[in-house]
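Remarks on the overall topology
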Number of protein chains: 2
Amino acid sequence: MHTFASAHAETQLENLISYIHEQYPHIPVILDAKRGDIGSTATHYAMEAFERYQADAITVNPYMGFDSIEPYLAYADKGVFVLCRTSNPGGSDIQFLEVQDEKTQKFIPLYAKVAQMASQQWNANGQIGLVVGATFPEEISRVRTIVGKMPLLIPGIGAQGGDIPATVQAGKGENLLINSSRAILYASSDTNFASEARRVAIETRNSIREAVKVYLG
Amino acid sequence: MHTFASAHAETQLENLISYIHEQYPHIPVILDAKRGDIGSTATHYAMEAFERYQADAITVNPYMGFDSIEPYLAYADKGVFVLCRTSNPGGSDIQFLEVQDEKTQKFIPLYAKVAQMASQQWNANGQIGLVVGATFPEEISRVRTIVGKMPLLIPGIGAQGGDIPATVQAGKGENLLINSSRAILYASSDTNFASEARRVAIETRNSIREAVKVYLG
């Protein structure tokens, strides 16, 4: 969230989310805040996201463990997307380290272990989803196999070049939130920004719909 | 940072940090923001921390890898403390997973691997430090062995119960920033807040000085 341009950026964000909820009540608002802090701070971050901003879901970082995620889950009607496999260049530095799977004794990458913990240990009320980048369809497929039908938030199409049909196939065509940010936000820096952003957003949506249609046959 | 109580919380924080720099120029200000996001967002978070707030250092989360940390290092006179071993109850969930050390082929906990990467791969200009909780002195000792004289930011004394002499010994008595937050912030909720907070802060400082004196003999 780039909220420092103005001292009133928080108020602007409140107003924007409120507008979306009023005009488009079927569209969930996900705060991509990537929070990760101790329980007492997380409790306040959860208040900020869900009470102040009235967001429907938030993204969180798993490095500090379950008690840094639990306060968000106290809001029973809200969603929590845990960072699992991120699509940035350094995403592999930590997430690709091999750790042992207790059941099979085999080694699996850390992101797969996070998918296991999130789906098997942390998700008592079905509020958790995972962030898995679109730049690695084979990894989306691996996560999908671990987590069953859990929702996956998938950034990395658009500016980051992820392939929509490959993403849809890897995610088995359902419970996917495929996200394009910069390709739409920066569609034009000219006076035609609104129409260009709209055009790119609609194109992206149509590509996703087409890919789902093809996948589901 | 609990900055949502007022729409002007950012301005208050700017003023507070500015006041500290004016009155106590020898005291570094560390923003415990625990940021962790892709490079383009990290660039803006770095601007927020170092240009807007004029902080001297920031804490960051390593889960997204080096390119999520690099933009902060572009500010050559600023410090970056990478979360390594955190003192919260769930800190072990992820940080204690065993990963392979390429050199020795032995397995080491993830936090030790993060200490290796931060000190041997990421710290080209000597700007990096690590966050290692005081509740686990034997782990501070392990990290100190890996990273040499790198600065360690050590939360967990005070409210979280970490032992000051054990912490100082484990950290070898130097390049330690031992932090107490809640024990001072919540020293009193009464009208004597200022004097109580001052008393606890001075007591804590004296305990640290005494422990360093004893350790260094």
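Refer to the structure printed above.
Not measured: the values here are computed from a predicted model. (Residues numbered from 1 in each chain as written. Chains lettered and ligands numbered in written order. Predicted model: local features only at pLDDT ≥ 70, side-chain atom pairs only at ≥ 80, totals over all residues. Heavy atoms only, no water.)

Quick notes on the interface of chain B and chain A
- Counting residues at the interface gives 51 residues for chain B and 51 residues for chain A.
- When chain B packs against chain A, close to 4,200 Å² is buried across both sides, 58% of that on carbon and sulfur atoms.
- Where chain B touches chain A, the interface holds 2 salt bridges.
- Of the charged contacts in the structure, one is a salt bridge between D37 of chain B and K34 of chain A, with a shortest N-O distance of 2.9 Å.
- Taken together, the connections running from chain B to chain A amount to 15 residue pairs in polar contact (both at pLDDT 80 or more).
- Listed by contribution, the elements that provide at least two residues to the side of chain B that touches chain A are α1 (9–23), β1 (30–35), α2 (39–52), β3 (79–85), α4 (91–95), β4 (98–100) and α5 (110–120) of chain B.
- Ranked by residue count, the leading element in the side of chain B that touches chain A is α2 of chain B, at 7 residues. (Contact = heavy atoms within 4.5 Å. Buried area = accessible area lost by both parts, 1.4 Å probe. Salt bridge = Lys/Arg side-chain N within 4 Å of Asp/Glu carboxyl O. Polar contact = N/O pair within 3.5 Å; in protein donor to acceptor, adjacent residues only side chain to side chain. Helix = DSSP H or I, 4+ residues; strand = E, 2+ residues; numbered from the N terminus.)

Topic: the sheet that holds β1 of chain B
Residues and elements named next belong to chain B.
- In space, the 6 strands of this open sheet follow the order β1-β2-β3-β6-β7-β8, with parallel pairing throughout. Every interior strand has two partners, whereas the edge strands, β1 and β8 (176–178), have only one. Between one strand axis and the next, the sheet turns through 25° on average, direction left out of account.
- Relative to strand β2 (residues 57–60), β1 is paired through 3 bridges, and the arrangement is parallel. Opposite R35, over in β2, you have V60 as the bridge partner.
- In this fold α5 packs onto β3 and β6 (128–132), with an angle of close to 155° to the strand it touches most, β3. (Pairing = 2+ DSSP bridges. Axes fitted to C-alpha atoms, helices over the stretch in contact; angles between N-to-C directions.)

Some details on unusual backbone geometry
- Positioned with a positive phi, Q54 of chain A is a non-glycine residue whose angle comes to about 60°.
- Structurally, Q54 of chain A can be placed in the loop between α2 (39–52) and β2 (57–60).

A word on the packing of α5 of chain B against helix α6 (residues 137–147) of chain B
Residue and element names in this part refer to chain B.
- Where α5 meets α6, the closest approach of the two axes is 9 Å, and the angle between their N-to-C directions is 30°. When the interaxial angle is binned, α5 and α6 end up roughly parallel. The hand of the α5/α6 crossing is right-handed. Judged by residue contacts, Y111, A112, A115, Q116, S119 and Q120 of α5 engage E139, R142, V143, I146 and V147 from α6.
- Across the contact of α5 with α6, the residue classes tally to 6 nonpolar, 3 polar and 2 charged. (Parallel < 35°, antiparallel > 145°, perpendicular 65-115°, else oblique. Left-handed = near helix turned anticlockwise from the far one by under 90°. Nonpolar A, V, L, I, M, F, W, Y, C, P; charged D, E, K, R; others polar.)

A closer look at the sheet that holds strand β1 (residues 30–35) of chain A
Residues and elements named next belong to chain A.
- Taken in spatial order, the 6 strands of this open sheet run β1-β2-β3-β6-β7-β8, and their pairing is parallel. Two strands close off the open sheet at either side, each with one partner strand: β1 and β8 (176–179). Going across the sheet, the axis of each strand differs from the next one's by a mean of 25°, ignoring polarity.

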